[in-house]
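Residue-level structure breakdown
Read off the chains here:
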Amino acid sequence: MLRSPLACRTPVQLVAGALRDLRGVAVREREALGRIVPGLLCGEESSVLVFAGERDRLGQAGWLESRALFDRIGREEEEHALLLALLREHVPVPGDLPRIQARSRRFLMRIGAAGGVAEHFARIAELDACVCMLMSELLDTPVARNDAMRALFRLIRADERRHVRTSRAHVETLTGEAVAAMDARAWVREELTRLLAYVADSLEVLSIDPDRLFRRIRTES
């Protein structure tokens with residue numbers, strides 16, 4: 001009997017508890033995480049609002065099944081934000097935190113300035129797909145030897161993969177075609193690589209090759 005992906009999902013409470021123990025994560029790696037986590041956190045907090053807004057819109061339109069699906073996704077995004085906020089409490093605060101947050105928020109505001117719901121969700125789907133790639137890269141780094149880090153990266157990657165499928169299907173439901181997704185892809189991925197370039201040195205500290213990651217973001221579906 002096949003099990004639902006949600007049945008296999010790591011309990012958030014276990015991940016949250018484990019984040020108090022970062023044994024094996026070197027000081028330089030913690031500093032690097034301190035510069036990468038704020039951008040991820042901004043993205044998750046933004047996603048909470050996006051999915052909540054669409055949940056309410058779908059409910060008003062009478063799409064109750066879709067409303068329930070988007071409600072669940074919104075709760076998962078809230079959990080991601082909670083876990084990333086907990087991790088941020090256990091890593092150093094970077095000196096350029098205001099700049100990292102400002103750059104991330106400008107990027108997310110531009111994503112939100114789409115021409116309509118379909119285009120917005122096409123952009124969200126591409127962003128979530130890129131988050132999956134980053135989580136996969138992080139799972140191949142030394143920090144993933146820490147149980148908490150590995151569980152966190154796996155949880156976010158598994159959830160975001162489902163979110164990508166849902167958002168892409170939603171775009172096609174709204175438009176009847178995949179054109180919006182194709183139009184959004186190049187723009188989102190190019191802008192994201194520019195955003196991540198600012199913390200490229202921290203990616204290198206974590207043993208991630210920025211150039212390879214950026215190529216992957218630009219080309220992988």
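Residues numbered from 1 in each chain as written. Predicted model: local features only at pLDDT ≥ 70, side-chain atom pairs only at ≥ 80, totals over all residues. Heavy atoms only, no water.

Details of the pattern of salt bridges
- As enumerated under the stated definition, the model contains 20 salt bridges in all.
- For Arg75, the salt bridge is made with Asp71, and the minimal N-O distance between the two is 2.4 Å. Of this pair, Arg75 and Asp71 both sit in helix H3 (residues 64–89), four residues apart, which is roughly one turn of the helix.
- On the accessibility criterion, Arg75 (43% relative accessible area) is partly exposed. (Salt bridge = Lys/Arg side-chain N within 4 Å of Asp/Glu carboxyl O. Helix = DSSP H or I, 4+ residues; strand = E, 2+ residues; numbered from the N terminus. Buried < 20%, exposed > 50% of the residue type's maximum accessible area, 1.4 Å probe, protein only.)

Let's talk about the confidence of the model for the protein
- Across the protein, the average pLDDT comes to 89, with 92% of residues at 70 or higher.
- Ranking the elements of the protein by mean pLDDT puts helix H1 (residues 12–18) last, at 83, and helix H8 (residues 200–205) first, at 98.
- Predicted confidence for residues 1–7 stays below pLDDT 50, and this span has five contacts to residues more than four positions away or in other chains. (pLDDT = per-residue confidence, 0-100. Contact = heavy atoms within 4.5 Å.)

Overview of unusual backbone geometry
- The phi angle at Ser207 is positive, at roughly 75°, despite the residue not being glycine.
- Along the chain, Ser207 turns up in the loop between H8 and helix H9 (210–219).
- With relative accessibility at 48%, the residue Ser207 sits in the partly exposed group.

Things to note about the packing of aromatic side chains
- Under the definition given, this model contains three aromatic pairs.
- Ring centres of Phe51 and Phe70 lie 5.8 Å apart, and the angle between their planes is 35°; this geometry places the pair in the tilted category. Taken as a pair, Phe51 in helix H2 (residues 27–60) and Phe70 in helix H3 lie far apart in primary sequence, 19 residues in all.
- With a relative accessible area of 2%, Phe70 lands in the buried category.
- Ring centres of Phe51 and Phe121 lie 5.6 Å apart, and the angle between their planes is 75°; this geometry places the pair in the edge-to-face category. On the criterion of sequence distance, the pair formed by Phe51 in helix H2 and Phe121 in helix H5 (residues 117–139) is long-range, its members being 70 residues apart.
- Positioned above the aromatic ring of Tyr198 is the side chain of Arg35, whose terminal nitrogen or guanidinium carbon lies 5.4 Å from the ring centre.
- The ring of Trp187 carries the charged tip of Arg123 above its face, separated from the ring centre by 4.5 Å. (Phe/Tyr/Trp six-rings, centres within 6.5 Å; stacked < 30°, edge-to-face > 60°. Lys NZ or Arg CZ within 6 Å of the ring centre and 35° of its normal.)

Side note on a nonpolar patch on the surface
- Residues Trp63, Val117 and Leu174 make up a contiguous nonpolar surface patch of roughly 220 Å² in combined accessible area.
- Of note, Val117 is situated in helix H5. (Patch = residues over 30% accessible without salt bridge, like charges linked within 9 Å, V, L, I, M, F, W, Y side chains within 5 Å. Areas by Shrake-Rupley, 256 points an atom, 1.4 Å probe, with all protein chains shown as cover.)

Thoughts on the environment of Ala26
- With respect to the secondary-structure elements, Ala26 resides in the loop between H1 and H2.
- Its relative accessible area of 37% is what places Ala26 among the partly exposed residues.
- Sequence separation between Ala26 and Arg75 is 49 residues; the distance between their C-alpha atoms is 32 Å.

Quick notes on the side chain of Glu29
- On the secondary structure map, Glu29 appears in helix H2.
- Although buried, Glu29 forms no salt bridge, and the nearest oppositely charged side chain, Arg145, lies 6.9 Å from it.
- Excluding residues that lie within four positions of it along the chain, Glu29 makes contacts with Gly24, Pro142, Val143, Val205 and Leu206. (Lys, Arg positive; Asp, Glu negative; His and termini not counted.)

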